[in-house]
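Structural overview
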Amino acid sequence: MRFTRTKAILATTVLALSLAACGDAGSDDEGVDVDVTDNAAENFDEGTRMRELADAGTIKVGVKYDQPGLGFKDAAADMPSGFDIEMAKLLVASLGIDPTDTSKVEYVETISDNREPYLQDGTVDIVLASYSITDERRQVVGQAGPYMITGQQLLVKADSDVSGPADLKGKEVCSVTGSTSLDNIKDQGMKQVGFETYSECVEKVLDGTVEAMSTDGSILMGYAAQNEGELKVVGDAFSEERIGVGYSKDHPEMCQWINDTLTQANEDGKWAEAFEATLGKSGSETPEFPTLDPCS
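A few points on the structure. As the structure is a computational prediction, the values presented were derived from the model and not from experiment.

By the bridge criterion, 5 bridges tie strand 8 (residues 172-176) to strand 9 (residues 191-195) in an arrangement that is parallel. The residue of strand 9 that forms the bridge with Val173 is Gln192. After leaving strand 8, the chain enters helix 4 (residues 180-187) and then returns to the sheet as strand 9, a path that is right-handed.

What follows covers the nonpolar core. Within the largest apolar cluster, 60 residues are counted, with the highest numbers of intra-cluster contacts made by Val61, Phe83, Ile126, Tyr147 and Met213. Top element by residues in this core is helix 2 (residues 83-94). It accounts for 7 residues. When near neighbours in sequence (up to four residues on either side) are disregarded, Tyr147 contacts Phe83, Asp84, Met87, Leu128, Ile243, Gly244, Val245, Leu262, Trp271 and Pro290. Counting residues in hydrophobic clusters, the runner-up holds 11 residues, among them Val162, Val173, Met190 and Val234.

Glancing now at the pattern of salt bridges. Summed over the entire model, instances satisfying the criterion amount to 8 salt bridges. Here Arg242 and Asp293 are joined by a salt bridge, their closest N and O atoms 2.4 Å apart. Residue Arg242 is found in strand 12 (residues 241-247), and its partner Asp293 is found in the segment after helix 8 (270-277); the two are separated by 51 residues along the sequence. Taken together, the shared-partner salt bridges in this structure form one network comprising Glu46, Arg51 and Asp55.

Turning our attention to helix 4. Within helix 4, the full set of buried residues consists of Thr180, Ser181, Leu182, Asn184 and Ile185. Turning to helix 4, the residues buried within the fold contact strand 5 (126-132), strand 7 (152-157), strand 8, strand 9, strand 10 (212-216) and strand 12. Immediately beyond the C-terminal end of helix 4, within one or two residues, lies Gly189, with a positive phi of roughly 85°.

The next subject is the environment of Leu128. Tracing the chain through its elements places Leu128 in strand 5. When residues no more than four places from it in sequence are discounted, the contact partners of Leu128 are Val61, Gly62, Val63, Lys64, Asp84, Met87, Ala88, Leu91, Tyr147 and Val245.

Time to look at the state of the cysteines. Scanning the model with the defined rule gives 2 disulfides in all. The side chain of Cys174 participates in a disulfide bridge whose partner is Cys201; the two sulfur atoms lie 1.8 Å from each other. Disulfide Cys174 to Cys201: torsion about the S-S bond roughly 105°, handedness right-handed. With Cys174 in strand 8 and Cys201 in helix 5 (residues 198-206), this residue pair connects regions lying 27 residues apart in the sequence.

Criteria and thresholds
Counting from 1, residues in each chain are numbered in the order their sequence is written. Totals for whole chains, interfaces and linings use every residue, but because this is a predicted model, local features are given only for residues with pLDDT of at least 70 and side-chain atom pairs only at 80 or more, for both listing and counting. Excluding hydrogens and water, the side-chain figures rest on all heavy atoms present in the structure. Being paired, for any two strands, means DSSP has found at least two bridges between them. The way it works is that DSSP assigns letters per residue, a run of H or I at least four long becomes a helix, a run of E at least two long becomes a strand, and they are numbered from the N terminus. Note on handedness: a clockwise path from strand one over the helix to strand two, with the strands aimed away from the viewer, defines a right-handed crossover. Definition used in this section: a nonpolar core is a set of buried Ala, Val, Leu, Ile, Met, Phe, Trp, Tyr and Cys residues joined via side-chain atoms within 4.5 Å. The cut-offs for exposure are 20% and 50% of the maximum accessible area for each residue type, with area from a 1.4 Å probe on protein chains only; residues under the lower value are buried, those over the upper are exposed, and the others partly exposed. Note on contacts: a residue pair is in contact if any heavy atoms of the two residues lie within 4.5 Å. Any carboxyl oxygen of Asp or Glu that lies within 4 Å of a side-chain nitrogen of Lys or Arg is treated as forming a salt bridge with it. Counting rule for disulfides: a pair of cysteine sulfur atoms within 2.5 Å.

Rendered as structure tokens:
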């Protein structure tokens, strides 16, 4: 490949979002202006997956549809919005494909439980869906990044006395099937309850079926804002979630392309702009760009 490895990257931080976060983060905004690379295919060697995608002029991207501020799409929107989507747009544009042209870019709704299968069977080319990087996942798919660091917290009813995991030991707490959040729930002494989507989990908290929901704080803040006065986020983060980009292990060359594109986005300010246009609507300070894992 012709991409070069970047040597200097800022240290990571855990995102700290206030409950006011994402009040508008689920809206269908225009996001960041991206520059579509001209003659992009020339930047990639023959036989690489990036060259194939650039030559074809089409790509399939796995994203969430139900996470305000990260990956969200309502019936009236032409395409999803959120921080994950902004990162996807930067990658797509580097291939010379207009990321806002839905005739060329298919944003495929991807739930936590099918992210690996979708990459393995070619349903999608890349996944940006609040996708935590783990050693276990890297056994079956490629993961590059991280482009965001966050931590797991709790979502409870607004009148709840719960202040953290210690108050929920032995109690039922939900998250989505296939997520690392379920493992962390068990590790904290709470009972795991898995649902297919985050939206379903939120409904179960609202109707009292489960005591709480737990996943990345950045996700929970969006739901708290959507259900203002009914739900709240409590407790300090009790995990570190390193959010990255998934790709097929059949195409290991994609790792350096992803890392180089993310690095460029940091250097030209697009990464910070993307945060400010989505999760940053809370008024919280933009975090430092994370240190990227090296590609093997």
